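# Understanding the architecture of this molecule
What follows is each chain in one-letter form.
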Amino acid sequence: MIRNQIYISDPQYQNQAKEIRNKINKLSGKLAKLNNLSSNNANNSPFFNSWFLSVPQLLVLLDNVNSNDSLKTELWKIRSVSASTLDFYFEYSLFGRGDRQ
């Protein structure tokens, strides 16, 4: 709704439409301020700080985990890396396990 405007031709509802337009304008102004405050450019990547792992994927990661630090290390290995294969297991084998001997 923030990117749209409401216009009503029926005179009976024009005042309500004007109130709605004013509220939309206020909300869009607040959204613009929030976007300016964003330090991590969340609008371009809204889910960058989110993890989407299935239980089997998490279990694969846990194979090499023995502490909190090693869990973080395993997760960060695949954090933002992608070969655009849409295959988690293949990409983890490329990027996640590359430094193990």
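Because the structure is predicted, anything quoted here is derived from the model rather than measured.

Moving on: the side chain of Gln 57. Locating Gln 57 in the fold gives a position in helix α2 (residues 55–62). Owing to a relative accessible area of 15%, Gln 57 belongs among the buried residues under this scheme. Aside from chain neighbours lying at most four places away, what touches Gln 57 is Phe 52, Phe 88 and Tyr 89.

Judged by side-chain polarity, Ile 2, Leu 27, Leu 31, Leu 34 and Leu 37 come together as a nonpolar surface patch covering roughly 480 Å² of accessible area. With respect to the element layout, Leu 34 can be found in helix α1 (residues 14–37). Residue Leu 34 is classed as exposed on the basis of its relative accessible area, which comes to 55%.

Here the focus is unusual backbone geometry. The backbone of Leu 86 shows a phi angle near 60°, a positive value even though the residue is not glycine. Look at Leu 86 and you get exposed, because its relative accessible area is 87%.

Here we come to the pattern of salt bridges. Applying the stated rule across the entire model yields one salt bridge. Across the salt bridge formed by Lys 77 and Glu 74, the nearest N and O atoms sit 3.2 Å from each other. Taken together, the residues span about one helical turn, with Lys 77 and Glu 74 both in helix α3 (residues 68–77) at a distance of three residues. Pair check on accessibility: Lys 77 and Glu 74 agree, each one buried.

Definitions and cut-offs
Residues numbered from 1 in each chain as written. Predicted model: local features only at pLDDT ≥ 70, side-chain atom pairs only at ≥ 80, totals over all residues. Heavy atoms only, no water. Helix = DSSP H or I, 4+ residues; strand = E, 2+ residues; numbered from the N terminus. Buried < 20%, exposed > 50% of the residue type's maximum accessible area, 1.4 Å probe, protein only. Contact = heavy atoms within 4.5 Å. Patch = residues over 30% accessible without salt bridge, like charges linked within 9 Å, V, L, I, M, F, W, Y side chains within 5 Å. Areas by Shrake-Rupley, 256 points an atom, 1.4 Å probe, with all protein chains shown as cover. Salt bridge = Lys/Arg side-chain N within 4 Å of Asp/Glu carboxyl O.

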